[in-house]
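Here's the letter readout for the chains.
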Amino acid sequence: MMGPSHALSGAAVWLAGSWALDHFADYHQSPLALAVGTAVCAGGALFPDLDLSGKVTRNQGGATVARTFGVFSLFVAEVIEKISLGVYYATKLSRDPRRNNGHRTLTHTLPFTALVGWGTTTLCAAYGKWAVVSILFFMIGLALRGLFDEWAERAGWVIVTLASAAAAWYTFANLPGDRGYPMIGLAVGVGCVVHILGDMITKAGVPILWPIPIKRRMWTMIGLPNSIALRTGSKAEVVVLRAVLTAVAVLAAVGLVAPGVLRRFDIEI
């Protein structure tokens, strides 16, 4: 699945989940907290693809999201890809194939997702302001790169970096200190899970059952049958899936912020 679809799915899931909490559990969030959670979840839904590195010194190649912050994010992607490949070879069994890169391995597993979510919450709790600002900066940058990919491509990584920094600092300055921070770790974790589920509906699949061995394979790729699997970049993804995700996100957002608008059009969600 392409980066914009991943980011949009993260935003749609967070908004829909927030609407469900508001509607059924009476858990209310301020518009700013809602925007932060949506942006962080959208960024988290792109984070696993930082295992696809490119040419660091030339600022080329790799996953689109790996070029969010130019050479810096490409270097991060290079490190994550090498760690992922190392874990693959350290845990592979006899029937696991040889690989020359770590894409769709470690970062596309549930243990990694749980570790990232827990680690994000722990960092925010332990280091306070600077950890929160840093995580917001990074995740908002990924979200901008994914949700507004054409603008980000034209603007370049410097503008994306500056916009991310400004948004992160403004958010921290205005977000209440007594709530919201634990939700950052949850939003990152949910985004990673959404990414994995999104890749599961493509032909390549993901090793979602790792580290459970299956028939002498530790890294069994799980996905839909090829006959019904989504082809990356197809009209089914770019037109149909994104239209559905956009509708879910818009309806959930309006239902949270201005439910009277939906009632005016006799829309029940």
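In this text, all values refer to a predicted model and were calculated from it rather than measured experimentally. (Residues numbered from 1 in each chain as written. Predicted model: local features only at pLDDT ≥ 70, side-chain atom pairs only at ≥ 80, totals over all residues. Heavy atoms only, no water.)

A. Structural context of the overall build of the protein chain. A count of helices and strands for the protein chain gives 10 helices and two strands. Over its C-alpha trace the protein chain gives a radius of gyration of 19 Å, about what one expects of a compact globule, namely 18 Å for 269 residues. C-alpha atoms of the protein chain, sized along the principal axes, occupy 60 × 40 × 35 Å. Counting every position in the protein chain, which comprises 269 residues, the buried fraction comes to 45%. Accessible area for the protein chain stands at about 13,400 Å²; split by element, carbon and sulfur atoms hold 67% of it. One finds the centroid of the 22 positive side-chain charges in the protein chain at a distance of 11 Å from the centroid of its 15 negative side-chain charges. (Helix = DSSP H or I, 4+ residues; strand = E, 2+ residues; numbered from the N terminus. Rg over C-alpha atoms; globule rule 2.2 N^0.38 Å. Buried < 20%, exposed > 50% of the residue type's maximum accessible area, 1.4 Å probe, protein only. Areas by Shrake-Rupley, 256 points an atom, 1.4 Å probe, with all protein chains shown as cover. Lys, Arg positive; Asp, Glu negative; His and termini not counted. Charge placed at Lys NZ, Arg CZ, Asp CG, Glu CD.)

B. Expanded view of the packing of helix H1 (residues 3-24) against helix H2 (residues 31-44). At a closest axis distance of 7 Å, the pairing of H1 and H2 adopts a crossing angle of 145°. Read as a crossing pair, H1 and H2 show a hand that is right-handed. Contacts between H1 and H2 involve Ala7, Gly10, Ala11, Trp14, Leu15 and Ser18 from the first element and Leu34, Gly37, Thr38, Cys41 and Ala42 from the second. Partitioned by chemical class, the residues of the contact of H1 with H2 number seven nonpolar, four polar and no charged. (Axes fitted to C-alpha atoms, helices over the stretch in contact; angles between N-to-C directions. Left-handed = near helix turned anticlockwise from the far one by under 90°. Contact = heavy atoms within 4.5 Å. Nonpolar A, V, L, I, M, F, W, Y, C, P; charged D, E, K, R; others polar.)

C. Representation of unusual backbone geometry within the structure. Residues tryptophan 210 and proline 211 are joined by a peptide bond in cis, for which omega reads 10°. Although it is not a glycine, arginine 104 sits at a positive phi angle of roughly 60°. Mapped onto the elements of the fold, arginine 104 is located in the loop between helix H3 (71-91) and helix H4 (110-127). Take arginine 104: its relative accessible area is 12%, and that puts it in the buried class. Positive phi is not limited to glycine here, since arginine 216 has a value of about 60°. Along the chain, arginine 216 falls in the loop between helix H8 (181-200) and helix H9 (235-257).

D. Geometry of the packing of aromatic side chains. Going through the model one piece at a time under the given rule, you end up with 10 aromatic pairs. Pairing phenylalanine 47 with phenylalanine 112 gives two aromatic rings, centres 6.0 Å apart and planes at 10°, and the pair type is stacked. Highlighted residues: phenylalanine 47 in the loop between H2 and strand E1 (54-55) and phenylalanine 112 in helix H4, separated in sequence by 65 residues. This pair shows no difference in class: phenylalanine 47 is buried, exactly as phenylalanine 112 is. Grouping aromatic residues by their ring pairs yields a cluster made of Phe47, Phe69, Phe112, Phe137 and Phe138. The aromatic ring of tyrosine 88 is capped on one face by arginine 99, whose charged end is 5.5 Å from the ring centroid. (Phe/Tyr/Trp six-rings, centres within 6.5 Å; stacked < 30°, edge-to-face > 60°. Lys NZ or Arg CZ within 6 Å of the ring centre and 35° of its normal.)

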